[in-house]
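Structural features, examined
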Amino acid sequence: MIPEVSRPRRVSPPTAGPGPLFYPERRTGGHVHRPSANRQSDDTKDDVAELRRQAANAPTATEAAELEWMAQLYEHEDRLHARTVRDLKRVYRTSVAELRKLARDGDVRVRAALIRGDEAQLYGLLRAAGVEEAEINWQAGLDEGVTLAAQWEKLNGLGSPVRSPDIEPFLAYDAAVRRGRGLYRDAVVAPSLEVMREGLQGALLLERLPDAANRIAQRLDVSQRQAVSEARTRAAMFDRAVIDNQAARHGVDSYVYRGPLDGVTRPFCRACLRLAAGYWPRDMVARLSNGQTAVAPLFACGGHNCRHLLVPVTQESIEDRGLRRATLADVRAVNGAALKGRKRKR
């Protein structure tokens, strides 16, 4: 049964705190998607087509349904990414225009606050430009992801979740991630404020405020690409967290690695996909390292903008598919591939 999804709420201004956990990988193999706001990206179309080709040739009905479900998740994440691009372009364009206006003829106290990098004043620019509406749109997209992720239970024919003292922390976590608490602020708002604050520091060194505003506009153009990629990565991690939560409620702690295999597949993911006839128990997943993120592969898989998924698999499905258990040798092979891949990029 798919749970009800609460409506996103208007957010309050952020408090000072750390920025993003990581920035996106932009080299070959990072597989960064850049769709327009009005169409699905060509990369995602290819990935969805590949998943549906795999579904058509899947040996069991459960595997076919699983791959179709993944294709729908890909399409959802692509729509959310396109929406983020559109909204953030509007926010940056409007806030920079207002900053230029204030730099030219704004109140002296406001100009002084901007030069000091006052966070409330800078956030006021983003808020007036519609950043809170953009966050609401993003959170609504996350809610769509919850609805899709929750279908994992239905795919596996599972009934009421297991309830025990051990599962209560997962239920609390589920309530937190559904609200998307802090994700957008860390991925988008915090780095945007930092770019504006750094850019205005030049005015403290007697640079003209209009010149500082022009440089901020250039920096935000780069920051936008980083922010939307970071937002996409975090949305995918959010989906994976919700899926894993669904599995944990039913006591499922084994996974199969699924997704496209093509020219931009990372060595880590390629090595995981080689275990096509195997499954990863949670204790083996915990030993995996993608060599990119501090976030565990259970949620980040191969790293930034990864297109793959560790799909929970029930014991009944393991037996039906004849899957073998991954070993420490498999873990060493995957981690070694990730390490070699990182060395080749240097």
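Given the structure is predicted, the values throughout are model-derived calculations rather than measurements.

**Digging into the packing of aromatic side chains**
On inspection of all chains with the given rule, the structure shows two aromatic pairs. Between Trp-138 and Tyr-184, the ring centres sit 5.4 Å apart and the planes meet at 55 degrees, which makes this aromatic pair tilted. Remark: Tyr-184 occurs in helix H8 (residues 183-204) and Trp-138 occurs in helix H5 (residues 131-149); sequence separation between them is 46 residues. Taken as a pair, Trp-138 and Tyr-184 share a single burial class, namely buried.

**Points about the confidence of the model for the chain**
Fine structural detail should not be taken from predicted coordinates in areas where pLDDT scores are low. The predicted model of the chain averages 76 in pLDDT, with 77% of residues at 70 or higher. Counting contacts from residues 1-39, a segment whose pLDDT is below 50, to residues more than four positions away or on other chains yields 103 contacts.

**Thoughts on the pairing of strand S3 (residues 309-312)**
In the case of a regular strand, side chains alternate between the two sheet surfaces. Side chains Leu-309 and Val-311 project from S3 onto one buried face, and the interleaved Leu-310 and Pro-312 project onto a second face that is buried too. Sheet analysis places strand S1 (residues 254-258) next to S3, joined by four bridges and oriented antiparallel. Of the residues in S3, the one forming a bridge with Tyr-257 is Leu-310.

**With respect to the side chain of Asp-87**
On the secondary structure map, Asp-87 appears in helix H2 (residues 61-105). The exposure class assigned to Asp-87 is buried, which follows from its relative accessible area of 3%. Excluding residues within four positions of it along the chain, Asp-87 makes contact with Ala-134 and Asn-137.

**Here we look at the sheet that holds S3**
Spatial strand order, S3-S1-S2-S4: four strands in an open sheet with mixed pairing. Edge positions in the sheet fall to S3 and strand S4 (324-325), since each of these pairs with one other strand and no more. The strands touched by H2 within the sheet are S1 and S3, with S3 carrying the most contacts at an inclination of about 135 degrees. On the sheet, helix H10 (residues 267-274) packs against S1 and strand S2 (278-281) and is oriented at approximately 115 degrees with respect to S1.

**Focus: the side chain of Asn-156**
Following the sequence through the fold, Asn-156 ends up in the loop between helix H6 (151-155) and helix H7 (168-178). For Asn-156, a relative accessible area of 18% translates into the label buried. Residues within four places of Asn-156 in sequence aside, it is in contact with Thr-62 and Thr-314.

**Here we look at the pairing of S2**
Across the two faces of S2 the burial is the same, with Gly-278 and Trp-280 and Tyr-279 and Pro-281 all buried. Pairing geometry for S2 and S4, over two bridges, is parallel. Its bridge partner lying in S4, Tyr-279 is registered against Arg-325.

**What to know about the nonpolar core**
A general feature of soluble globular proteins is that nonpolar side chains tend to end up buried together. Membership of the largest hydrophobic core comes to 58 residues, with the highest contact counts inside it found for Trp-69 and Tyr-184. Beyond its immediate sequence surroundings of up to four residues, Tyr-184 is in contact with Leu-88, Val-131, Ala-134, Glu-135, Trp-138 and Val-189. In terms of nonpolar packing, the next biggest core, distinct from the first, is built from 21 residues, Ala-271, Leu-275, Leu-288 and Val-331 among them.

**Brief notes about unusual backbone geometry**
One non-glycine residue, Cys-301, adopts positive backbone phi at about 50 degrees. Along the polypeptide, Cys-301 turns up in the loop between helix H12 (297-300) and S3. On the basis of relative accessibility, which here comes to 0%, the residue Cys-301 falls in the buried class. Positive phi outside glycine occurs at Asn-305, with the angle close to 55 degrees. Along the polypeptide, Asn-305 turns up in the loop between H12 and S3. For Asn-305, a relative accessible area of 6% translates into the label buried.

**Thoughts on the pattern of salt bridges**
Under the defined criterion, the tally for this structure stands at 17 salt bridges. We note a salt bridge from Arg-52 to Glu-68, for which the minimum N-O separation is 2.9 Å. Here Glu-68 lies in helix H2 and Arg-52 lies in helix H1 (residues 42-56), a separation of 16 residues in the sequence. Residue classification places Arg-52 among the partly exposed positions, given a relative accessible area of 32%. The shortest N-O distance in the salt bridge between Asp-244 and Arg-282 comes to 3.2 Å. Taken together, the positions of Asp-244 in helix H9 (residues 209-249) and Arg-282 in helix H11 (residues 282-285) put the pair 38 residues apart, joining distant regions of the chain. Of the residues examined, Asp-244 reaches a relative accessible area of 5% and is grouped as buried. One network of salt bridges, in which partners are shared, links Glu-63, Glu-66, Arg-258 and Arg-321.

Definitions and limits used
Residues numbered from 1 in each chain as written. Predicted model: local features only at pLDDT ≥ 70, side-chain atom pairs only at ≥ 80, totals over all residues. Heavy atoms only, no water. Phe/Tyr/Trp six-rings, centres within 6.5 Å; stacked < 30°, edge-to-face > 60°. Helix = DSSP H or I, 4+ residues; strand = E, 2+ residues; numbered from the N terminus. Buried < 20%, exposed > 50% of the residue type's maximum accessible area, 1.4 Å probe, protein only. pLDDT = per-residue confidence, 0-100. Contact = heavy atoms within 4.5 Å. Pairing = 2+ DSSP bridges. Axes fitted to C-alpha atoms, helices over the stretch in contact; angles between N-to-C directions. Core = buried A, V, L, I, M, F, W, Y, C linked by side-chain atoms within 4.5 Å. Salt bridge = Lys/Arg side-chain N within 4 Å of Asp/Glu carboxyl O.

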